[in-house]
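Structural characterization, general
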Amino acid sequence: MAGSCAKENADPPDPLLSVVCESEPTHVGADRMADAHGHSRFVHLTSQWALVLVNDSVDIFRAESSCRDVQFSALNFPKASREGFARVNRSFPALSSISVCVRVQWDPDWIEVSTIFSYAAPVFTNEFQLRGQRDTQGRIVLALIVHGKHLPYKASFANDGAWHHVCVTWSSSLWAIYVDGERKDLGSGADTSRDIHADGILILGQDQDSYGGNFTEPFFGNITDLNVWNSSLESRHVRALSGCSVVSQAMLFSWSLDHVISHPSVKEVQALLFCPARHQQTEVQGCRTLQTQADQQLLMRLTDCSEPLPFICMSSKERYLKMKQISDSQSSHPTAFMNHLMKLSNNSQAVLGQQPSGLSSLGEASALLDVSVKALRDTKQEGLQPEDMVSLIQLLSLAADVTLQPADAANHTEENIQEMGQHFISVADSVISQDNAFKWQAIKEVVNGPMDVVRTIDRMVTSLSPHLMADSDHLTFQSPNIKLAVQQQILWEPSKGPSFCGPETEKHSSPDCISVPHQKIQDLHNNGFHKLTLVNTWYGSLRPLFNPEENISMVPTVTDGSQRYLGTILGSSVISTTVLGDNQPVSTAVHFHLHHKVQNPAGAVYDSVCAFWDFTLTPEAGGWWNTKGCKVVSRHYDHTVCYCNHTTNFALLLQVYEAQPSPENKQALQVLTFIGCGVSLCGLLFTFILFIVVGVPKSDRTTVHKNLIVALGAAELLLMCSDWASANEAACFMVTALLHLFFMASFSWMLVEGLLLWSKVVSVNISEDRRMKLYYAIGWGLPILIVAVTLAASANQYKADAHCWLNLKTGTIWSFVGPVIFVLAVNSVVLCRVVMVTVSSARRRAKMLSPRSASKMQTFDLTWAVTRPVLILLPVLGLTWLCGVLVHLSVVMAYIFTALNAFQGLYIFLVYAVYNSEVRNAIKRIKEKRKALSFTNCSQPTTFTPSQRAPIKSWDISPPAPSSPETSETSGPPSSISTSLVIKNESFRKESFVGFAFKPASGNQVVQLTAFKQSGC
């Protein structure tokens, strides 16, 4: 048995095919698999590929390519050194066009950005550069830099450790990237139109940050066959070069290690490449084929290319094993859908369960679709399983390729064909239903995505449209998620221009619509077309089927710095138009408007982009979104109007931006923050000094206040210094850690304030000593623990890139945001409880008033009972930080949030120092003490005895004064009798009253009066 190696779906052979074919079998080894008809199919598994024998016998000239091995001298750039580079020893003139082709073998384990080659001129460093990196899907994506402009990462190849041929072409403002002979990306840009500067240096494997030096972003792997042309190669030239053929265009540089200067770490190696040389079968001596011996060992032999041979279908090992798993599962444990399908038709299992080679007739396709629709209807409650989806997608693909043979035309009426079309749409609708959104991830190894279903619908309608519209000029197929309309018109008949609209999915909104401009219809008529057929399709459920976590790579449209680009998502339904002129596909311009399926969330804004699905981009992934030839006509809140100069499947991509303040507002907020922090720092310092100096009575509440002041003051001081520390990496890291610690401690002590307040409102049986130990553990121990764990877990991703604070792009920020949210939630509950208690007390006081004034006083008391605790407790409980949730709404809220929190220290000073009764009483006591001391030092005592008394002008005896709470604690025993006299006497200063206290003496009843007469001090 012999066979030549070809890719699945008739793609060209992989450059590593010779290595795969000649490799030793893996632990899986060779196997035999029964196909749909019970025949034995030979399978050989390697480390990366699955080779499956297809029972077709064709000669080599009917295959896409033949095989030959070519040996190249390559350069190896090892990961042991990041300094490896190679310089092309060639001078370059000014270039208005350039093409660079190279073969690369990427290190599969390297994930960072790598530079394949960089060309730097004396006057401009980043003149022409090709770089790549591994994306989230595991592919190697490529991007071109021209005149310093970084073009998007779109072109890609599999990160499989194989050799890949990469070409980049540029002429004036047009550029393209080719991978393995296929164009993967192209575009234009007005700012890249000037020539590439002359006398530059071409470096392999490094990015030049300066002319010929300061290398960064090294490449690891192998490079060979680098060639440079001073012209932009055409696609056919690139395809020939990929197959190791020679083109006639003159080269600026041809690969030769004699003209390359390498770093000592870069070594020369020999690379054996497998080259599919198209249309050059006569240049090789024979075709490489696989032959098996009796022991089933695979051998490579040369065979005459004209000999008919069976071909081997090659797919990735992962895909083959997944398909085999699905097949075995359906055979051993059929799903509910497949069980019912087998009951309806005994032949359906054989066709849907395996990968069949094709359907023989339209009647067979129609019968399978008919029983599939019945089975779907009967098992709607159970739903489809991933295995069923794969089988149905295979059926749709096979049915779309069936053509109506002239001999069978009489057996199929237009009505039968239309019924088959409706069944086709019904099966497709069930596959792309939103109910199956999560099931697509389970079959991603074998199915590219929901756009594969879209492509089969396009193929089916294009193939059957002549028979669908034999006796009518308009036909519509509709299902819950798909609406398809076929319109036909004669071009010489008057028309306003055909249009198509999807169903109305929402009330009070117009449907999604697409139309071909009347002028374009007239142009087709002028070009000689007579009959026009338009196939329009609307898909309403595709958006949820795309992985929401997968960002669509695209250059942001807003680049003025006012908004931070977050990513791009699919944001509308998909609508398509296929135009057939005299039953032949033609391309023409279209207008369409689509409604936004995603509304603006909090803190983000959307910018809509008109795009289409390009099946030629990244074909191994089934295509990708492209914007070439499309532009936005107008944007509205809920929909966007677009214009594209071609026909295909269209949608809106919504670029998501985080709203950012303008530079003026940003500067104003920074100044406000700096001033506020300075004022707050002074307020906190004065508050702390007052607590220490004036002798505020020691209590747990005062201790908690002091710790909060220390933590918050340190945090605000560090915040003011953080901008100066950002210039030094080590200092900035230290400031970030300390900011994290002290802000975390501030919120921890705010939590303690809330717990302390709760203990005062709700009786808690905990001693003061135990309570303070718990408070210290929460206030300082918890922040230290959080910061230490965060540093240990994510030290490399701890700090943000541009400033001294936690990294917002990783989960590090949640080590601060999470505890803060918890503190604010607890303190909000505490505040609500305090307000409830205060309101209850106010109501009791109001009931004690007279009925006449009760109503008026009750309203005032209740209002004040709510307002007073809120004003007093907001800053100390940290609840002003709740305003941060509303910052995204407007810049006004950003100013309010900044002012409230920047001046938090000043607020604490006013509430807990200036207007604090404890502090004011302490100050009052100090003043009274000083006054009494001054009065004592400045007076002379005078003693009167009864014989010395002068004549009394008047005696006023005052009644005993009631004792206050302060004096009652220091008064004598209750048996003692004391009487007070107030005497007005001429011997004292005029209008002065002097108080005398006289007590009965123990031995006699003589009253001794002592007074102080001021002596003029």
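Conventions we followed
- Residues numbered from 1 in each chain as written.
- Predicted model: local features only at pLDDT ≥ 70, side-chain atom pairs only at ≥ 80, totals over all residues.
- Heavy atoms only, no water.
- Buried < 20%, exposed > 50% of the residue type's maximum accessible area, 1.4 Å probe, protein only.
- Helix = DSSP H or I, 4+ residues; strand = E, 2+ residues; numbered from the N terminus.
- Pairing = 2+ DSSP bridges.
- Contact = heavy atoms within 4.5 Å.
- 1 Å grid on protein atoms, 1.4 Å probe; cavity = no way out; pocket = protein on both sides within 12 Å on 5 of 7 lines; lining within 4 Å.
- Points joined across faces, edges and corners; volume = space filled by probe spheres on them.
- Nonpolar A, V, L, I, M, F, W, Y, C, P; charged D, E, K, R; others polar.
- Disulfide = S-S within 2.5 Å.
- Axes fitted to C-alpha atoms, helices over the stretch in contact; angles between N-to-C directions.
- pLDDT = per-residue confidence, 0-100.
- Core = buried A, V, L, I, M, F, W, Y, C linked by side-chain atoms within 4.5 Å.
- Expected span 1.5 Å × (residues − 1).
- Bend = angle between axes of the 7 residues up to and from the residue.
- Salt bridge = Lys/Arg side-chain N within 4 Å of Asp/Glu carboxyl O.
- Phe/Tyr/Trp six-rings, centres within 6.5 Å; stacked < 30°, edge-to-face > 60°.
- Parallel < 35°, antiparallel > 145°, perpendicular 65-115°, else oblique.
- Left-handed = near helix turned anticlockwise from the far one by under 90°.

Considerations on the pairing of strand 7 (residues 97-106)
Burial runs high along strand 7: 10 of the 10 residues are buried. The pairing of strand 7 with strand 13 (residues 163-171) spans 9 bridges and is antiparallel. In the sheet register, Cys101 faces strand 13, and the bridge partner there is Cys167. Across 7 bridges, strand 7 lies against strand 19 (residues 221-229) in antiparallel orientation. When the sheet's bridge partners are listed, Arg103 is paired in strand 19 with Thr224.

Some words on the side chain of Asn807
Looking at the secondary structure, you find Asn807 in the loop between helix 14 (768-793) and helix 15 (814-847). Residues in contact with Asn807, not counting those within four places in the same chain, are Gln797, Tyr798, Lys799, Ala800, Thr812 and Ile813.

A word on unusual backbone geometry
Unlike most non-glycine residues, Asn214 shows phi in positive territory, near 50°. With respect to the helices and strands, the residue Asn214 is situated in strand 18 (residues 213-216). The phi dihedral of Asp225 is positive, around 55°, even though this residue is not glycine. Note that Asp225 resides in strand 19.

Observations regarding empty space enclosed by the protein
Scanning the entire structure with this criterion turns up 3 cavities of 30 Å³ or more. Within this model, the second largest cavity holds a volume of roughly 60 Å³. Lining the second largest cavity, in full, are Phe92, Leu95, Ile98, Val100, Phe117, Tyr119, Phe128, Leu202 and Val228. Sorting the residues of the lining of the second largest cavity by element identifies strand 7 and strand 8 (114-120) as the ones contributing at least two each. Looking at the lining of the second largest cavity, its residues break down into 9 nonpolar, no polar and no charged.

Overview of the state of the cysteines
Summed over the entire model, instances satisfying the criterion amount to 5 disulfides. Bridging Cys630 to Cys644, the disulfide has an S-S length of 1.9 Å. For the disulfide bridge between Cys630 and Cys644, the dihedral angle about the S-S bond is near 120°, and by the sign convention the bridge is right-handed. Of the two residues, Cys630 sits in strand 37 (residues 630-635) while Cys644 sits in strand 38 (residues 639-644), which places them 14 residues apart along the sequence. Overall, the relative accessible area of 0% leaves Cys644 in the buried class.

A closer look at the sheet that holds strand 29 (residues 513-515)
Strand-to-strand pairing in sheets goes through backbone hydrogen bonds, with the strands running parallel or antiparallel. The 5 strands lie next to each other as 28-29-34-38-37, forming an open sheet whose pairing is antiparallel. Edge strands, defined here as strands with exactly one partner in the open sheet, are strand 28 (499-501) and strand 37. Between one strand and the next, the sheet's axes are offset by a mean angle of 15°, whatever the strand orientation. Relative to strand 29, strand 28 runs antiparallel, the two sharing 3 bridges. Following the sheet pairing, Cys501 is matched in strand 29 by Cys513.

A few points about the confidence of the model for the protein chain
Interpretation of the predicted coordinates at a detailed level should be avoided for regions scoring low in pLDDT. Confidence in the prediction for the protein chain averages 74 pLDDT; 70% of positions are at 70 or higher. Long-range and interchain partners of residues 58-69, a stretch whose pLDDT sits below 50, account for 53 contacts in this model, where long-range means more than four residues apart. The low-confidence segment residues 277-285 (pLDDT under 50) makes 15 contacts with residues lying over four places distant or belonging to another chain.

Details of the nonpolar core
In this structure, Trp440, Val453 and Ile457 are the most contacted members of the largest nonpolar core, which totals 68 residues. With 9 residues, helix 7 (residues 386-400) is the largest single contributor of residues to this core. Trp440 has contacts with Met389, Ile393, Val431, Ile432, Val447, Gly449, Pro450, Val453 and Leu545, leaving out every residue within four places of it along the chain. Ranked by size, the runner-up nonpolar core spans 43 residues in total, among them Leu130, Val166, Ile177 and Leu202.

A look at helix 12 (residues 700-725)
Residues lying three or four places apart along an α-helix face the same way, a consequence of the helix completing one turn every 3.6 residues. Taking 1.5 Å as the rise per residue, helix 12 with 26 residues should run 38 Å; its terminal C-alpha atoms sit 37 Å apart, in good agreement. The sharpest bend along helix 12 measures roughly 30° and falls at Leu719.

As for the pairing of strand 37
Of the pairings in the sheet, the one linking strand 37 to strand 38 comprises 5 bridges and is antiparallel in character. Residue pairing for strand 38: Lys631 is matched across the bridge by Tyr643. Between the antiparallel neighbours strand 37 and strand 38 lie 3 residues.

Details of the pattern of salt bridges
Overall, the coordinates contain 12 salt bridges when judged by the stated rule. Across the pair Arg131 and Glu217 runs a salt bridge, and its minimum N-O distance is 2.3 Å. Of the two residues, Arg131 is situated in strand 9 (residues 128-134) and Glu217 in the loop between strand 18 and strand 19; the sequence distance between them amounts to 86 residues. Glu729 is paired through a salt bridge with Lys799; the nearest N and O atoms lie 3.8 Å apart. One end of the pair, Glu729, is in helix 13 (residues 729-761); the other, Lys799, is in the loop between helix 14 and helix 15, and 70 residues separate them in sequence.

Concerning the packing of aromatic side chains
All chains considered together, the criterion is met by 19 aromatic pairs. Geometrically, the ring pair formed by Trp749 and Tyr776 is edge-to-face, given 5.7 Å between the ring centres and 85° between the ring planes. Here Trp749 is found in helix 13, whereas its partner Tyr776 is found in helix 14, with 27 residues between them in sequence. Judged by relative accessible area, Tyr776 falls into the partly exposed class, the value being 37%.

Some details on the packing of helix 6 (residues 362-378) against helix 7
Viewed as axis vectors pointing N to C, helix 6 and helix 7 meet at an angle of 150°, and their least axial separation amounts to 10 Å. Considering their axes alone, helix 6 and helix 7 lie roughly antiparallel with respect to each other. Relative to helix 7, helix 6 is oriented so that their crossing is left-handed. Facing Ala365, Leu368, Leu369, Ser372 and Leu376 of helix 6, the residues of helix 7 in contact are Leu392, Leu395, Leu396 and Ala399. Taken together, the residues that form the contact of helix 6 with helix 7 break down as 8 nonpolar, 1 polar and no charged.

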